[in-house]
Amino acid sequence: MAGKATESAKLRYKVLNWREYNAALVRRGDVTLWFDESVVAAWDHANGKAKVGRPFVYSDLAIETLLTLREIFRLPYRQTEGFGKSLAKLMAIEIAIPDFTSLAKRAAKLNLALDVAQAKGPLDVVVDSTGLKVYGEGEWKVRRHGTGGKRRTWRKVHLAIDPATQELVAETLTENSGHDADQAQPLLAQIQRPIMTFTGDGAYDKWKVYDELARRGVQPLIPPQRNAKIKRHGNSADEPLPRDEAIRGIRAQGRSGWKKEVGYHRRSLGETAMYRMKRCFGDKLKNRNLDNQRIESRLRANVLNKFTRLGMPLADWS
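In this text the structure is predicted, and so the values were computed from the model without any measurement. (Residues numbered from 1 in each chain as written. Predicted model: local features only at pLDDT ≥ 70, side-chain atom pairs only at ≥ 80, totals over all residues. Heavy atoms only, no water.)

K.L.:
Even after reading the chapter, I still don't get the sheet that holds strand 5 (residues 195-199), so can you show me in this structure?
P.N.:
Pairing between sheet strands relies on hydrogen bonds along the backbone, with the strands arranged either parallel or antiparallel. An order of 4-3-2-5-6 is seen for the five strands of this open sheet, with the pairing classed as mixed. If you trace the sheet from one side to the other, it starts and ends with strand 4 (167-175) and strand 6 (219-221), each paired once. Put simply, the sheet's adjacent strands are angled 25° from each other on average, direction ignored. In terms of strand pairing, strand 2 (residues 123-135) meets strand 5 through three bridges, oriented parallel. Residue pairing in the sheet places Val-125 in a bridge with Phe-198 of strand 5. Helix 11 (residues 268-281) rests against strand 2, strand 3 (153-162) and strand 4 of the sheet, and its axis sits at about 40° to strand 2. (Pairing = 2+ DSSP bridges. Helix = DSSP H or I, 4+ residues; strand = E, 2+ residues; numbered from the N terminus. Axes fitted to C-alpha atoms, helices over the stretch in contact; angles between N-to-C directions. Contact = heavy atoms within 4.5 Å.)

The following block contains the structure:
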């Protein structure tokens, strides 16, 4: 009976704006494309900047445009070149399309900013990371036949999400050996707005993270390790440490009670963002060079932000 009561008390997820959200999902697949006149004008020169030595034939805008299409449609470099040529032919515009080697070489040199909506005021951030495959044997073959002497590796993409809009406000890609806590400072450095709270899982329970958050005046919402000890006792004249306060709150209310009180449940939006990114672009990186992979990840983040601004579900939990 207790099991049935618990099951019946489960919260149910309901989308309140399904018609609008459905239209936004459909618009994500709209392939109606055109090149603005300003894009065509800037297509075949390096943004008007003089270059030492041999100049680039194509502007960064041209390279970014084609690489963005490559991510949306999950194309190899050669197919991206062919796709660009077909678009230019269909639109009857006189622009040269970079060949696949130029796309690969220029991609590694792009200085690509994260496309974030212009907004003012403080925000909360939720941080998380996930692995992306690079190359190696597939899971089925490894499980069936072993590794076969092949090297398998992956990368880690680290994201900071604004829980109010579910937009990505910071992104970075590292090798698989990088620890999540090491990326807290690089993620925070990308955010220009004031930050109120920083929500992350236990991987961020490191003093270097707390020190960086304290320097920025940001409140950490990070669950301490289960064997965590209080560093600054209550009889100290100094200001209580946020981590110590979290330990006291967990001891008083239990871990679940503390998470509910501080709003730690927002961390699930980080996992949701990871799911949306993998759902849209897959769980693999197409490039093998780390510099190219970082641009590939940044392009995915930019496209995902554009998708988010088209429309997101308004949910009701009841």
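Having put the structure on the table, let's press on.
K.L.:
Explanation requested: the layout of surface pockets in the structure shown.
P.N.:
Gaps left between atoms show up when a probe the size of a water molecule is rolled over them. What the largest pocket holds in volume is close to 920 Å³. Lining the largest pocket are 29 residues, with Leu-33, Thr-68, Leu-69, Ile-72 and Lys-306 sitting closest to its centre. For the lining of the largest pocket, the element with the highest residue contribution is helix 4 (residues 60-73), accounting for seven residues. Class assignment for the residues of the lining of the largest pocket results in 17 nonpolar, five polar and seven charged. (1 Å grid on protein atoms, 1.4 Å probe; cavity = no way out; pocket = protein on both sides within 12 Å on 5 of 7 lines; lining within 4 Å. Points joined across faces, edges and corners; volume = space filled by probe spheres on them. Nonpolar A, V, L, I, M, F, W, Y, C, P; charged D, E, K, R; others polar.)

K.L.:
Mind showing me how you'd approach the confidence of the model for the protein chain here?
P.N.:
Detailed reading of the predicted coordinates is not advisable wherever pLDDT falls low. For the protein chain, the mean per-residue pLDDT works out to 86, and 85% of the residues sit at or above 70. Under a pLDDT of 50 for its full length, residues 1-8 has, in the predicted model, zero contacts with residues more than four places off or in other chains. Here residues 46-50 is modelled with pLDDT under 50, and outside its nearest four sequence neighbours on either side it reaches five contacts, counting other chains as well. (pLDDT = per-residue confidence, 0-100.)

K.L.:
Looking at this structure, I do not really get the packing of helix 11 against helix 12 (residues 290-310). What am I missing?
P.N.:
How two helices pack is summed up by the angle between their axes together with the distance between the axes. Two numbers describe how helix 11 lies on helix 12: the axes approach to 11 Å, and their chain directions differ by 105°. Between helix 11 and helix 12, the angle is such that the two are roughly perpendicular. In contact with Ala-273, Arg-276, Met-277, Cys-280 and Phe-281 of helix 11, helix 12 contributes Arg-300, Ala-301, Val-303, Leu-304, Phe-307 and Thr-308. (Parallel < 35°, antiparallel > 145°, perpendicular 65-115°, else oblique.)

K.L.:
Even after reading the chapter, I still don't get the pairing of strand 5, so can you show me in this structure?
P.N.:
The side chains of a regular strand alternate, residue by residue, between the two faces of the sheet. Across the five residues of strand 5, four count as buried, placing the element largely inside the fold. Where strand 5 and strand 6 come together, three bridges link them in parallel fashion. Across the sheet, the residue bridging to Thr-199 is Leu-221, located in strand 6. Assessed by its sense of winding, the connection that carries the chain from strand 5 through helix 9 (residues 207-216) to strand 6 is right-handed. (Buried < 20%, exposed > 50% of the residue type's maximum accessible area, 1.4 Å probe, protein only. Right-handed = clockwise from strand over helix to strand, strands pointing away.)

K.L.:
Can you walk me through the side chain of Thr-174 in this structure?
P.N.:
Considering the arrangement of structural elements, one finds Thr-174 in strand 4. On the basis of relative accessibility, which here comes to 8%, the residue Thr-174 falls in the buried class. Within the structure, the side chain of Thr-174 is placed 2.9 Å from the side chain of His-158, a separation counted as a polar contact. Among residues more than four places away in sequence, those in contact with Thr-174 are Arg-155, Lys-156, His-158 and Gln-183. (Polar contact = N/O pair within 3.5 Å; in protein donor to acceptor, adjacent residues only side chain to side chain.)

K.L.:
Explanation requested: the packing of helix 4 against helix 5 (residues 77-90) in the structure shown.
P.N.:
Between helix 4 and helix 5, the least distance of the axes is 10 Å, while the angle of their chain directions is 110°. Of the possible angle classes, the one that applies to helix 4 and helix 5 is roughly perpendicular. When you trace helix 4 past helix 5, the crossing you get is right-handed. Taken together, the residues of helix 5 that come into contact with helix 4 (itself represented by Leu-66, Leu-67, Leu-69, Arg-70 and Phe-73) are Tyr-77, Thr-80, Phe-83, Gly-84 and Leu-87. The class makeup of the residues in the contact of helix 4 with helix 5 is seven nonpolar, two polar and one charged. (Left-handed = near helix turned anticlockwise from the far one by under 90°.)

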